[in-house]
Amino acid sequence: MAGTETSAGNTQRGNTLPNGDIYVGNFAGLVPHGFGKYMWTDGTLYYGEWDTSKMTGRGVIQWPSGASYDGDLCGGFIDGTGTFKGVDGSVYKGAWRMNKKHGMGTMVYAIGDTYEGLWNEGLPDGFGKYTWVDGNIYIGGWKSGKMNGRGVMQWTNGDTLDCNWLNGLAHGKGFCKYASGACYIGTWDRGLKDGHGMFYQPGSKMPCNLEVSECVSDHDISSSSSSGNENIKSGLLFLFQKLCNTWRLCSLFHWPRRISNGTTPVFYDNSGNNLSQDSSTEPLATDNCVQDSGVDKVLVYEREYVQGVLISEKPKCHDSGMLDSGKTQEHTWQKQAGGPMETIFKGHRSYYLMLNLQLGIRYTVGKITPVPLREVRSNDFGPRARIRMYFPTEGSQYMPPHHSVNFFWKDYCPMVFRNLREMFHIDAADYMMSICGDDSLKELSSPGKSGSIFYLSQDERFVIKTLRKAELKILLKMLPKYYSHVRAYDNTLITKFFGVHRITLKGGRKVRFVVMGNMFCTELRIHRKYDLKGSTQGRSTKKQNINENTTLKDLDLSYVFHVDKPWRDALFRQISLDCMFLESQSIIDYSMLLGIHFRAPYNLKTSSSQQSSLERCGIPDCELLQYEEKSSWKGFLLVAHEPGTTVGGSHIRGSMVRASEAGSEEVDLVLPGTGRFRVQLGVNMPARARKVHEDMNTELENPNTIEEYDVVLYLGIIDILQEYNMSKRVEHAVKSLKFDPLSISAVDPNSYSKRFVKFLESVFPEQD
């Protein structure tokens, strides 16, 4: 085909290519360059700008299906800003990167729903607003196309829910304001109310003003738009302020994120209805504190939910202090909303300590991982088994510059702890990403009695605890025997150690850390936590100090737990072995950390909801029938174990326990609506909890007063770094003058071990 010379020196002509495609436009030599039209053999058409054979600049693409794109392209990809019209009538207008929606954009779906906000790799991700065709609105965080992070949902009937979200469901601290004026402040778990909360009837005084702040700090905007693009910032600011001015909601919009396309989330309570029809907005009982006429009825109730089922409600009278106004109530709400942990941010007292720890662990793990795996030797435990390094801010020949402060790093017995991590199937890359990734650590707001500070990795797989010098010496001293014990007994309940480190800061201040496995790293909510030693002196918690985050003690425990006989036998066999090891190391003051996940009372669930939940878990009817025949007395579903189908712990190792109810087979625990869990010793153990009344005659006279719950248990022996030394001997002698010697914690290792096991046997009694 003949060509013509353009003023720019480019040749304009049309060619039919060997593959059948047709191009008409400008060329630079033999390649398209400038403006041109390209038609593929399948009918796809592009007309727009080219740069050395690549679609680059402004252009339009039309597909045979009827879809079209009008906007920027770069290097042959849709990249920049533009408008895409889908075959189904959906329209997206906004930013693109490499053929995927990425950045600020607006999507109008074919069904009429609209999303305005940030996108990442083709999915809503970041901060955004979703409006359903029926008028319901969500504004807040997104991740991978689902509501995730902090956000607010408003229904057309006036109900609003301000809460943390996970995978499209309310999950975490939050509050719900109903159109009637009532309010519930509490915790949600996968869309269901779960745990303790406060219900305020219409007309009651709230603990804070529950209003959306009409100003957005620079920090909030920069957090929502990590790209730093000023257009995105302006769009988010406009979007946020528009919503704030439209609604008068309460929200401190923390880190936001995103929703599933075109699907309306429904939040179920015990009635099975959606939130706008929530029958639980009416209190179960209001006449307990209602006095004679002329005295106002109770307006505030303390509630406890388990998987959306309201299991207890206590009215709060006017003299209880719950209705007091002022700073006290606002502080209480803020403390409740914040929870027991806080993420370490720049300016936090632990910020540079966290950076130093992350830099050091990244360096140590990166240095030791390439070394071929081998058996540990005696010199791997010795005083020379250390990695030392200086980290100057300007960097050195061994490491790049960093943004923390100068510090010295010491890593203890790196080969030993590398092997321990391997024993528990912890991948080195996963370990570093969990602790040293882009996310910050979380600090527990309530340090332990020892004065140690605890940190959690963002994924909560690992706990990092500061150590005293004496504790570090004990750990290093017992490490060879500890290593042998853990290697010999797969199912040991003793704390799992994965690394010991020391940071030396300017001025000589030394901070020692130990990295441990978090035994409560589970998808299930832990409703109660107990620290059990077997002693009684000082082993109770003051009532006024108890909240849902409190770790309770021996005398606070009002339940006994019945577990399957083979599990109980295996449990106490392992506890005895672990106690023998600790006794051989002269260790005392250890305790059994017990976590309890309560399941909703079975009699309050409908059979239809149970069946639908089982179907979502993928449980065949045949397995359900087998289960009902074998263990119909329980509210659990135990099925034969299938490798690869279960949700395990973060560092599970060892053999599975066998259930007599399933023919002594290895089993998985299926929790309807939640998942399928691998049952191991101390991990995901189903049990039956029975409330123990102080007056046992009450149960004998009225069997209806017996309280029983299906529970899932998590067990582990913690605090194993206290020797029975001279100071403990003196403590025993002094306290024995005032208290029963058998009731105090400081006793010799042999007595401590026997008392510990005996107490646990009473907590886990044998079944008749």
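Below is a summary of the structure that appears in this document. Keep in mind that this is a model prediction, so the values were computed, not measured. Note on numbering: residues in each chain are counted from 1, in written sequence order. For this predicted model, a pLDDT threshold of at least 70 governs which residues receive local features, and a threshold of 80 or more governs which side-chain atom pairs are given and counted, while totals over whole chains, interfaces and linings are taken from all residues. For side-chain calculations, the full set of non-hydrogen atoms in the structure is used, while hydrogens and water are omitted.

**Regarding a negative patch on the surface**
Heads up, the rule is: Within the patch definition used here, like charges are joined within 9 Å and nonpolar side chains (Val, Leu, Ile, Met, Phe, Trp, Tyr) within 5 Å, considering only residues with over 30% relative accessible area and no salt bridge. Using a 1.4 Å probe, the Shrake-Rupley method yields the accessible areas, and only the shown protein chains count as cover for residues. In the sections that follow, a salt bridge refers to a side-chain nitrogen of Lys or Arg positioned within 4 Å of a carboxyl oxygen of Asp or Glu. Only four residue types enter the tally: Lys and Arg on the positive side, Asp and Glu on the negative side; His and the chain ends are excluded. Just so you know, the charge point we use is NZ for Lys, CZ for Arg, CG for Asp and CD for Glu. A run of H or I in DSSP counts as a helix once it spans at least four residues, and a run of E counts as a strand once it spans at least two, with each numbered from the N terminus.
Together, Glu422, Asp427, Asp430, Asp438, Asp439 and Asp459 line one region of the surface with negative charge. Within the secondary structure, aspartate 427 sits in the loop between α5 (414-423) and α6 (428-436).

**Here we look at the sheet that holds strand β30 (residues 528-532)**
The cut-off we apply is this: Strand pairing follows a simple DSSP-based rule, namely that at least 2 bridges must link the two strands. Inter-axis angles, ranging from 0 to 180 degrees, are taken between N-to-C directions of lines fitted to C-alpha atoms, where helices are fitted over the stretch in contact. Here, two residues are considered to be in contact whenever any of their heavy atoms come within 4.5 Å of each other.
Judged by pairing direction, the sheet is mixed, and its six strands sit side by side in the order β31-β30-β33-β39-β38-β32 without closing on themselves. This sheet does not close on itself; its edge strands, each paired only once, are β31 (551-553) and β32 (559-562). On average, each strand axis in the sheet is tilted by 40° relative to the strand beside it, whichever way the strands run. One ladder, built from five bridges, connects β30 with strand β33 (residues 591-598); its direction is antiparallel. When the bridges of β33 are listed, arginine 528 appears paired with isoleucine 596. Of the strands in this sheet, β33, β38 (685-691) and β39 (708-718) are in contact with helix α8 (residues 565-584), which crosses β39 at around 20°.

**Here we look at the packing of helix α4 (residues 351-368) against α6**
What counts is decided by this rule: Roughly parallel here means an angle under 35 degrees, roughly antiparallel means over 145, roughly perpendicular means 65 to 115, and every remaining angle is called oblique. Amino acids outside the nonpolar list (Ala, Val, Leu, Ile, Met, Phe, Trp, Tyr, Cys, Pro) and the charged list (Asp, Glu, Lys, Arg) are all regarded as polar, and Gly is one of them.
Contact pair α4 / α6: the axes reach a minimum separation of 10 Å and the direction vectors enclose 175°. Classified by the interaxial angle, the pair formed by α4 and α6 is roughly antiparallel. In this structure, α4 contributes Gln358, Ile361, Arg362, Val365 and Gly366 to the contact, and α6 contributes Ala428, Tyr431, Met432, Ile435 and Cys436. Classifying every residue of the contact of α4 with α6 gives seven nonpolar, two polar and one charged.

**Here we look at the nonpolar core**
Quick note on the threshold: Buried Ala, Val, Leu, Ile, Met, Phe, Trp, Tyr and Cys residues form a nonpolar core when they are joined through side-chain atoms within 4.5 Å. For every residue, the accessible area (1.4 Å probe, protein chains only) is compared with the maximum for its type, and the residue is labelled buried under 20%, exposed over 50%, or partly exposed between those bounds.
Counting residues in each nonpolar core, the largest one holds 117 residues, and the members touching the most others are Phe561, Ile575, Leu713 and Ile720. Excluding its chain neighbours within four sequence positions, the residues that come into contact with isoleucine 720 are Met478, Ile494, Phe497, Leu582, Ile587 and Tyr590. Of all hydrophobic cores here, the second largest spans 36 residues; its members include Phe27, Tyr138, Trp165 and Phe199.

**A look at helix α7 (residues 469-488)**
Let me state the cut-off plainly: By this rule the span expected of a helix is its residue count minus one, scaled by 1.5 Å. Fitting one axis to the seven residues ending at a residue and another to the seven starting there, the bend at that residue is the angle between the two axes.
For α7, with 20 residues, the first-to-last C-alpha span of 29 Å sits near the 28 Å given by 1.5 Å per residue. A bend of about 55° at leucine 479 is the largest found in α7, and the proline proline 480 appears one to four places after it. Among the residues making up α7, those that are buried are Glu471, Leu472, Ile474, Leu475, Leu476, Met478, Leu479, Tyr482, Tyr483, His485 and Val486.

**Digging into the packing of aromatic side chains**
Where two aromatic rings form a pair, the distance of their centres and the angle of their planes describe that pair. Rule in force here: The criterion for an aromatic pair is that two Phe, Tyr or Trp rings (for Trp, the six-membered ring) have centres within 6.5 Å, with stacked assigned to planes under 30 degrees apart, edge-to-face to planes over 60 apart and tilted to the rest.
Enumeration over the complete set of coordinates arrives at 37 aromatic pairs. For the ring pair tyrosine 38 and tryptophan 50, a centre distance of 5.7 Å and an interplane angle of 40° mean the geometry is tilted. Note that tyrosine 38 is positioned in strand β4 (residues 31-39) and tryptophan 50 in strand β5 (residues 45-51), a separation of twelve residues in sequence. Neither tyrosine 38 nor tryptophan 50 differs from the other in exposure class; each is buried.

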